[in-house]
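Chain by chain, the residues run as shown.
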Amino acid sequence: MTTTLSPARHARPHVTHADPSPRGRPTTTARASRNHAEPLSATAAPRVRTPSALREAVPAHVAGRDAGRPSDPTALACAIAQAVVEALRGVRPLAQLTRWLAPEIYAVVTRRCEVTLAAGPYPTRPARVRRARVHRVDDRTAEATVVVEDLDRVRAAALRLEHVRGAWRVTALVLG
């Protein structure tokens, strides 16, 4: 009996029985009849690992490097625009935005929240994103416009996002 493995991931081993058939060929199970199966060999030469192959073998998050092009920032731009509008009304704590906003943007939004909330409380209905458009300036920079429905008015937000250290961060924000 010989055992072969399919190159597919998580495949079960194929078993070929050496029982002679009427035509002199060994009988095989249905899965072993595929042509891409290769027999295992204990004497096979080990793969040679070059420095670039070793670098690729380590996952990007472990190696501390970015894996290719950053993810699409559209959902993040929508969430940040909605969160800023809700923070201005006092519905959401502003501290939730510290991770996503650059320090100078966070300081401007904090000051605007202080002025807005001094006028009085607002209803607690959440804001709703109507539309978002994102334009990739380059692989690490994107600009987004988001239309947010805020109670009885509609607001437009313009954001510039930059991919820094594996995460998107807002480096410019204009809210109408």
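Residues numbered from 1 in each chain as written. Predicted model: local features only at pLDDT ≥ 70, side-chain atom pairs only at ≥ 80, totals over all residues. Heavy atoms only, no water.

**Here we look at the overall build of the protein chain**
Part 1 of the argument: A count of helices and strands for the protein chain gives four helices and eight strands.
Part 2 of the argument: Starting at the N terminus and ending at the C terminus, the protein chain contains elements arranged as β-β-β-β-α-α-α-α-β-β-β-β.
Part 3 of the argument: Classification of the 176 residues of the protein chain by burial places 26% in the buried group.
Part 4 of the argument: Accessible surface, the protein chain as shown: approximately 12,200 Å² in total, 54% of it carbon and sulfur. (Helix = DSSP H or I, 4+ residues; strand = E, 2+ residues; numbered from the N terminus. Buried < 20%, exposed > 50% of the residue type's maximum accessible area, 1.4 Å probe, protein only. Areas by Shrake-Rupley, 256 points an atom, 1.4 Å probe, with all protein chains shown as cover.)

**Thoughts on the sheet that holds strand E5 (residues 128-138)**
Strands in a sheet are paired, the pairing made by backbone hydrogen bonds, and the direction either parallel or antiparallel.
Part 1 of the argument: An order of E5-E6-E7-E8 is seen for the four strands of this open sheet, with the pairing classed as antiparallel. On the outer flanks of this sheet lie E5 and strand E8 (167-175), each paired with one strand and no other. The average angle at which neighbouring strand axes cross in this sheet is 25°, direction not considered.
Part 2 of the argument: Where strand E7 (residues 153-164) meets E8, eight bridges bridge the pair, whose relative direction is antiparallel. (Pairing = 2+ DSSP bridges. Axes fitted to C-alpha atoms, helices over the stretch in contact; angles between N-to-C directions.)

**Focus: the confidence of the model for the protein chain**
Part 1 of the argument: With 61% of its residues at a pLDDT of 70 or more, the protein chain has an overall mean of 75.
Part 2 of the argument: Predicted confidence for residues 1-16 stays below pLDDT 50, and this span has 33 contacts to residues more than four positions away or in other chains.
Part 3 of the argument: Low pLDDT (under 50) marks residues 28-42, which in the prediction has 17 contacts with non-local residues, meaning those over four places away or in another chain. (pLDDT = per-residue confidence, 0-100. Contact = heavy atoms within 4.5 Å.)

**Structural notes on the environment of Ile 80**
Part 1 of the argument: Following the sequence through the fold, Ile 80 ends up in helix H3 (residues 74-89).
Part 2 of the argument: C-alpha of Ile 80 to C-alpha of Leu 159: the two residues are 79 residues apart in sequence and 9.1 Å apart in space.
Part 3 of the argument: The residues touching Ile 80, leaving out its near neighbours within four places in the chain, are Trp 100, Leu 101, Leu 159 and Val 170.

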